Amino acid sequence: MHTFEGISIDELESLEWERLDALPYGVVGLSPEGIVEIYNATEERLAGLSRDGVIGTHYFSSTAQCMNNFMVAQRFEDEPEIDAVIDYVLTLRMRPTPVRLRLMKAPKVDRRFILIQR
Amino acid sequence: MPTDLEAENAGLLQFLYSCPAGLIEFTSTGAIGMVNPAAMGLLLPIAGRTFVTNLFDVMDGCAPELRNMVCNFGAAHGAICDGHRIVTGPGERPTVLACSIVRLTHDRHVATLSDVTEQVARERRLKQAETWFASLLDGVDNVAVLSLDADGRIDAVTPSAVRQTGFAERDLLGHPFESFDRPDRATATPPYGEAIAAARRDGWHLHEGWHARADGGRYWCQRLVAARAHVGDAVSGYTLVLRAVKRQGRDTADLRRMLTRDHLTGASNRAHFFEVAERELTRSRGNGGSLALIVLDIDHFKRVNDGHGHAAGDAVLREAARRCEAELRPEDVFARIGGEEFVAFVPGATLTEAAAVAERLRLSLAREPVDAGGTRLRITGSFGCSALDGHPDATVAGLLAAADGALYRAKRDGRDRVALSDAGRAAA
């Protein structure tokens, strides 16, 4: 259960910090304005950043500029509902790193999620 | 708890993650070692796929020269390029990147990459503006500016006007600007007051003609009269701009004459008449003004041709056109629309005014005989008038038909006379 592909946006919303931290993939939760609200331990490790430095910042302009384009950030603006898995390249610790991204946005949930699997 | 070193490391990473310029470290064959998010954000759309590991491969489509620049760079270290422009992708507005590359060792390079699309667009606009202003300034010696009061008298003079005309300020101030016109017979000049009337009505009036110089000479200039700040409906004054220009070339003038003139008489041709009439009719409808047509036919013209030959007939037509045109204003159009049939197009005229004009034309024909190759021939004409004030909805063809109807009655009633269309016969 709670696999990268199986977990739902409602489950992500209801999970406590400890459970989120225990997931084997990165979890980033954003406000409708793009401010980081959730940043789990796996993503901390992958990116080499501490949660305290990331939460409260604007994700696409300060941490993830490589997603600030039509393939990721623009989709959250344009589409009312998203649940899509895409292949991507992140620059985790400045290394080009092929990853799979799962973009999640639902009409009834304000928060959007990006799941990152190495 | 993170150690100081870990915290510092995270801070450095955060710094690189958030750097607004793209940073790339790569080998001499283009393999990317390190890359920050800004650089990846720029490279991904170029690559068109999400697997980016070699800078040269990604750039192959839009900047294949990067590979060569790095390969052919002879020094062991140093700047390979600085702000090298890369235009990426097709489309009307492609993204433009600026790329700088520094060689650290023979196999280690660092590049910065930034999106300068906006900057390039700004530069282009600036260059256009610069070119525009430069061309204006080139011609600045040719432009003189004066100020006119509400009656068209010069009330302020700039040095440019003194320089262009040679007149001192005191020679110009208080005089109507039109008193410096120097028209000749070959050039049409609007009647006195026309420019101000038009500028008051339409906001501006443009004319090209001869203008006086202080030394007694004249120069050809374009003259713009532009109305200044309206207070309610009143115009407080006008700005007069005189632009010394080279007179329109003879070739152009000849071509224009060929296209608009009747070959025999020098009057306007049929096509030109309809073109002007349609345009003026639309304008008059727009501002509620009138305009009039006067159709004229030389009486018993067949007798001239049959009795004295075609050369005499041609001479009669030429002389009739010359006399009529001399009675008309420059803005009127006098055209030959048939064998011995002419039409005068009189903008602004009511039916009553047109009748007065037609009477002048009639007298000018009948006043003295025409010299037709040694023979002096008495000629007369019959005239029919129609005007927009009688037929507010009429077309040009409708006005022409109404004037023709009147002409027919003038002929029937004994020739050498003017008849007016009656409103009831309006042919719209």
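Residues numbered from 1 in each chain as written. Chains lettered and ligands numbered in written order. Predicted model: local features only at pLDDT ≥ 70, side-chain atom pairs only at ≥ 80, totals over all residues. Heavy atoms only, no water.

### Re empty space enclosed by the protein
Item 1. Summed over the entire model, instances satisfying the criterion amount to two cavities of 30 Å³ or more.
Item 2. If you add up the space inside the largest cavity, you get close to 80 Å³.
Item 3. What lines the largest cavity is a set of 13 residues, and nearest its centre among them are Tyr59(A), Thr63(A), Leu90(A), Leu92(A) and Tyr17(B).
Item 4. For the lining of the largest cavity, the secondary structure elements donating two or more residues are helix H3 (41–47), helix H5 (59–63) and strand S3 (82–92) of chain A.
Item 5. The leading source of residues in the lining of the largest cavity is S3(A), at three residues.
Item 6. Residues of the lining of the largest cavity, tallied by class, amount to 10 nonpolar, two polar and one charged.
Item 7. Approximately 40 Å³ is the volume attributed to the second largest cavity.
Item 8. Lining the second largest cavity, in full, are Leu146(B), Ile154(B), Thr165(B), Leu172(B), Phe177(B), Phe180(B), His211(B), Leu240(B) and Leu242(B).
Item 9. Looking at the lining of the second largest cavity, its residues break down into seven nonpolar, two polar and no charged. (1 Å grid on protein atoms, 1.4 Å probe; cavity = no way out; pocket = protein on both sides within 12 Å on 5 of 7 lines; lining within 4 Å. Points joined across faces, edges and corners; volume = space filled by probe spheres on them. Helix = DSSP H or I, 4+ residues; strand = E, 2+ residues; numbered from the N terminus. Nonpolar A, V, L, I, M, F, W, Y, C, P; charged D, E, K, R; others polar.)

### Digging into the interface of chain B and chain A
Item 1. Chain B puts 22 residues into the contact, and the matching count from chain A is 24 residues.
Item 2. Contact with chain A buries area across many residues of chain B, yet Gln14(B), Tyr17(B) and Thr50(B) alone supply 32% of it, more than any other trio.
Item 3. In this structure, the connection of chain B to chain A is made through zero salt bridges.
Item 4. The interface formed by chain B and chain A holds nine residue pairs in polar contact (both at pLDDT 80 or more) in total.
Item 5. Only helix H1 (4–18), strand S2 (32–35) and helix H2 (37–47) of chain B provide two or more residues apiece to the side of chain B that touches chain A.
Item 6. Considering only residue class, the side of chain B that touches chain A consists of 16 nonpolar, six polar and no charged. (Contact = heavy atoms within 4.5 Å. Buried area = accessible area lost by both parts, 1.4 Å probe. Salt bridge = Lys/Arg side-chain N within 4 Å of Asp/Glu carboxyl O. Polar contact = N/O pair within 3.5 Å; in protein donor to acceptor, adjacent residues only side chain to side chain.)

### Quick word on the sheet that holds S3(A)
Item 1. Spatial ordering of the open sheet is given by S2-S1-S5-S4-S3 (chain A), a layout of five strands whose pairing is antiparallel. Only two strands of the sheet have a single neighbouring strand rather than two, namely strand S2 (36–39) and S3 of chain A. On average, each strand axis in the sheet is tilted by 25° relative to the strand beside it, whichever way the strands run.
Item 2. Sheet topology note: the S3(A)/strand S4 (residues 95–106) of chain A ladder contains 11 bridges and is antiparallel. Residue Tyr88(A) lies in a different strand from S4(A), and its bridge partner there is Val99(A).
Item 3. Here H2(B) sits on the sheet and contacts S3 and S4 of chain A; the angle it forms with S3(A), its principal contact strand, is near 120°. (Pairing = 2+ DSSP bridges. Axes fitted to C-alpha atoms, helices over the stretch in contact; angles between N-to-C directions.)

### Some details on the packing of helix H10 (residues 270–287) of chain B against helix H14 (residues 396–412) of chain B
Residues and elements named next belong to chain B.
Item 1. For the pair H10 and H14, interaxial distance at closest approach is 10 Å and the crossing angle is 110°. In terms of axis orientation, H10 runs roughly perpendicular to H14. Across from Phe273, Phe274, Ala277, Glu278 and Leu281 in H10, the residues of H14 making contact are Val396, Leu399 and Leu400.
Item 2. Tallied by class, the residues present in the contact of H10 with H14 amount to seven nonpolar, no polar and one charged. (Parallel < 35°, antiparallel > 145°, perpendicular 65-115°, else oblique.)

### Thoughts on the sheet that holds strand S15 (residues 341–347) of chain B
Residues and elements named next belong to chain B.
Item 1. Across the sheet, which stays open at both edges, the five strands sit in the order S14-S15-S13-S18-S19 with mixed pairing between neighbours. The open sheet has two edge strands, strand S14 (333–336) and strand S19 (418–420), and neither has a second partner. The average undirected angle you get between the axes of adjacent strands in this sheet is 20°.
Item 2. The pairing of strand S13 (residues 291–298) with S15 spans seven bridges and is classified as antiparallel.

### Some remarks on the confidence of the model for chain B
All names here are of chain B.
Item 1. Residue-level pLDDT values for chain B average 85, and 88% of them are 70 or greater.
Item 2. The model gives residues 424–428 a pLDDT under 50, and that stretch makes nine contacts with residues more than four places away or in other chains.
Item 3. Model confidence for the complex is summarised by a pTM of 0.47, with the ipTM given as 0.86. (pLDDT = per-residue confidence, 0-100.)

### Focus: the pairing of S4(A)
Residue and element names in this part refer to chain A.
Item 1. A large share of S4 lies buried, amounting to nine of its 12 residues.
Item 2. Linking S3 to S4, which pair antiparallel, is a turn of two residues; within it Arg93 sits at a positive phi near 50°.
Item 3. As paired elements, S4 and strand S5 (residues 109–117) share six bridges and run antiparallel to each other. Counterpart to Leu101 in the pairing with S5 is Ile116. (Buried < 20%, exposed > 50% of the residue type's maximum accessible area, 1.4 Å probe, protein only.)

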